[in-house]
Amino acid sequence: MAITSLKFFAFLAVIYLLYCLVPRQKRWFVLLGASLFFYVVCGSLRLFVVTLLQILVAYGAAIRTDKQQREGVSTKINTAGILTCLAVLFQIGALLYYKEMNFFVTNGNILLHLLGKESTLFLWQIVAPLGISYYTLSYIAYILDVYWGVVSPQRNFLKFCLFGIYFPIMISGPITRYQEIEQDLYAGNRADYQGFCFGLQRILWGLFKKLVIADRMAPIIQEIWSGDFYGWCVLIGVLGYAWQLYMDFSGCMDIVLGASELFGIRLPENFNTPLYATSLSEYWRRWHITLGAWVKDYVMYPILKTKGLQTRAKKWKKKFGKKMGKKMTTWIGLFFTWLVVGLWHGGAWTFVFGSGLFFFLMIIGGQILEPIGKWCIEKMHIPTQSFGWKLWQRIRTFVLFSASISFSWSASMKDGFRMWARCFKPTNLSSLLPLASRADWFLLVIGAVIVWLISYGKQKEDVRMYVAKKALPVRWILYLVLLFAVLICGVYGPGYDASSFIYGQF
């Protein structure tokens, strides 16, 4: 049951109706039943056992940890800390087994070959539980937050199950933390007109980005990658894939957040107009926000706070100076942070490099070369607050981001570099025109302009509140225009799979 299908919206309508009819204190039961149904239909009843076991471990470990800390039993052994570590390791183990096992097997075979061994490890046929990449990180955050005293554990097991498998976030996130949705999830929020309209707006906007833009671009990008194209055509394909990914993933998030908003449950935002970022660091603060915040709080900061690294930092500050010593310490934390981001995206070196270590190298390189950059700016008298300079920074950032994620499309690192080598051969841009009809090219351009205008408006004020202030007829004319744009201009023909979101594979 894809979240772009009529079945999903019929399911959503039924759940919304039941949610409104049931007494407020019991409404979370409706959401729990809907989530269980959604998981079984979209996933597997057999694999639900794995998810349930992860829920049980997170639930039990949090309650036991909280009890031991409240009782304040003085022992030489930090039992609560050990229990927390075991629970987190279990969650990590489950994620690595279902998502990364064949990555380790493949690299194990390479290592055995280099050592001259003839034995071969066989690849495993593993089907991952629905949403494991997303909910596992939420469980880890919950376990650690309880241990750190950030949140109190949920003692009602069924309520915790609802947090663990809340149906809107099971396809592509966002990665939620318990304290972010605790109140809304169980409060039985009153269904109101504004919440309904805001949810509907968000869903329609997500469908527009997914069906009108992303799915229309998909066959064009596929043809460029697999076809005999060179030079500027390949570069346009690289930039086009980054744009398609943005429309696809942010469109999915809009549908998910809109569906949840119908029930008065506000999920954390995952995007904040990343195309306006002027550096790669800022881009990742605007792109997949919940993943970036998660690795910062649960990977980077804990690493930087370890005694071993703090001791090393003091030595480096004495040897290389306070500023450089601090940077070197931060770089170690950044390396492991980006390594985790790359591995999370997929079990292949193309993901480890393209979605992880590439950004680490670019960010570190930028910091090292920063003095040279400042010197050049001063000598050339460049006005850094000017529109032209900001535009250049945004274009540069988007090109670098596009270059990195292009490797995720490649079958191997070698294929990724070969693709980039094709950029330096001459070509004729007109060879791209036959890849789509004039109507498709026109709609892609118009769609890009509309998205840019909305993004520009978001820099000034909340676009949805701006629309809400308009007269009732104006608002509903806008809704109907968006609806008919999706129905008429959306891609539904043979060969297209509207149910397949790119980030769903992660």
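Just so we're clear, the structure is a prediction, and the values are computed from it rather than from any experiment.

Draft legend 1. Here's a closer look at the overall build of the chain. Check the secondary structure of the chain and you find 20 helices and 0 strands. Computed over C-alpha atoms, the radius of gyration of the chain comes to 24 Å, within 12% of the 23 Å expected from 2.2 N^0.38 for 506 residues, which places it in the range of a compact globule. In terms of overall dimensions, the chain has a C-alpha envelope of 75 × 65 × 55 Å along the principal axes. Taking all contacts inside the chain whose residues are at least 6 apart in sequence as the whole, residues at least 24 apart take part in 77%. Of the side chains in the chain, 51 bear a positive and 25 a negative charge, and the two mean positions are spaced by 8 Å.

Draft legend 2. Examining the pattern of salt bridges more closely. Summed over all chains, the structure comprises 14 salt bridges. Residue Arg70 is joined to Asp66 by a salt bridge in which the shortest nitrogen-to-oxygen separation is 2.9 Å. Residue Arg70 and its partner Asp66 are located together in helix H3 (residues 45-71), separated by 4 residues, close to a single helical turn. Looking at Arg70, the relative accessible area reads 57%, which means it is exposed. Among the residues examined, Asp66 registers a relative accessible area of 12% and is labelled buried. Between Arg216 and Asp440 there is a salt bridge whose closest N-O contact spans 2.6 Å. A residue pair is termed long-range when its members are at least 10 positions apart, and Arg216 in helix H8 (residues 193-226) and Asp440 in helix H18 (residues 438-460) qualify at 224 residues. With relative accessibility at 9%, the residue Arg216 sits in the buried group. Members of the salt-bridge network, linked through shared partners, are Arg202, Lys209, Asp254 and Glu269.

Draft legend 3. Region of the structure containing a nonpolar patch on the surface. Taken together, the side chains of Ile77, Ile82, Leu86, Leu89, Ile92, Leu96 and Phe104 make up a nonpolar region of the molecular surface, amounting to roughly 640 Å² of accessible area. Within the secondary structure, Leu89 sits in helix H4 (residues 79-114).

Draft legend 4. Spatial organisation of the side chain of Asp254. In this structure, Asp254 sits in helix H9 (residues 232-261). Once you skip the residues sitting within four places of it in the chain, Asp254 turns out to touch Arg202, Ile203, Trp205, Gly206 and Lys209.

Draft legend 5. Representation of the layout of surface pockets in the model. Within this model, the largest pocket holds a volume of roughly 990 Å³. Contributing to the lining of the largest pocket are 35 residues, with Gln201, Trp205, Ile454, Val463 and Arg464 lying nearest its centre. Of all the elements in the fold, those that place two or more residues in the lining of the largest pocket are H8, H9, H18, helix H19 (463-468) and helix H20 (472-489). By residue number, the principal contributor to the lining of the largest pocket is H18, which donates 9 residues. Taken as a whole, the second largest pocket spans an internal volume of roughly 800 Å³. Ser279, Gly366, Glu370, Gln393 and Arg396 are the residues nearest the centre of the second largest pocket, which is lined by 21 residues in total. Secondary-structure elements contributing two or more residues to the lining of the second largest pocket are helix H10 (280-286), helix H14 (349-368), helix H15 (370-380) and helix H16 (387-405). Among the elements that take part in the lining of the second largest pocket, H16 stands out by supplying 7 residues, more than any other.

Draft legend 6. Seen up close, empty space enclosed by the protein. Applying the stated criterion across every chain, the model contains 3 cavities of 30 Å³ or more. If you add up the space inside the second largest cavity, you get close to 50 Å³. Residue lining of the second largest cavity: Arg202, Leu257, Glu261, Ile265, Arg266, Leu267, Glu269 and Arg464, and that is the complete set. Grouping the amino acids of the lining of the second largest cavity by side-chain chemistry returns 3 nonpolar, no polar and 5 charged.

Draft legend 7. H18, seen in detail. Over its 23 residues, H18 runs 34 Å from end to end, which matches the ideal 33 Å to within 8%, given 1.5 Å per residue. Turning to H18, its buried residues are Leu443, Leu444, Gly447, Val451, Ser455 and Gly457.

Draft legend 8. Quick look at the packing of helix H6 (residues 157-165) against helix H7 (residues 178-186). For the pair H6 and H7, interaxial distance at closest approach is 11 Å and the crossing angle is 115°. Remark: the crossing between H6 and H7 carries right-handed chirality. Residues Lys159, Phe160, Leu162 and Phe163 of H6 lie in contact with H7, whose contacting residues are Tyr178, Ile181, Leu185 and Tyr186. Per-class residue counts for the contact of H6 with H7 are 7 nonpolar, no polar and 1 charged.

What counts and what doesn't
Residues numbered from 1 in each chain as written. Predicted model: local features only at pLDDT ≥ 70, side-chain atom pairs only at ≥ 80, totals over all residues. Heavy atoms only, no water. Helix = DSSP H or I, 4+ residues; strand = E, 2+ residues; numbered from the N terminus. Rg over C-alpha atoms; globule rule 2.2 N^0.38 Å. Contact = heavy atoms within 4.5 Å. Lys, Arg positive; Asp, Glu negative; His and termini not counted. Charge placed at Lys NZ, Arg CZ, Asp CG, Glu CD. Salt bridge = Lys/Arg side-chain N within 4 Å of Asp/Glu carboxyl O. Buried < 20%, exposed > 50% of the residue type's maximum accessible area, 1.4 Å probe, protein only. Patch = residues over 30% accessible without salt bridge, like charges linked within 9 Å, V, L, I, M, F, W, Y side chains within 5 Å. Areas by Shrake-Rupley, 256 points an atom, 1.4 Å probe, with all protein chains shown as cover. 1 Å grid on protein atoms, 1.4 Å probe; cavity = no way out; pocket = protein on both sides within 12 Å on 5 of 7 lines; lining within 4 Å. Points joined across faces, edges and corners; volume = space filled by probe spheres on them. Nonpolar A, V, L, I, M, F, W, Y, C, P; charged D, E, K, R; others polar. Expected span 1.5 Å × (residues − 1). Axes fitted to C-alpha atoms, helices over the stretch in contact; angles between N-to-C directions. Left-handed = near helix turned anticlockwise from the far one by under 90°.

The quantities given are spatial measurements derived from coordinates; they are silent on function.
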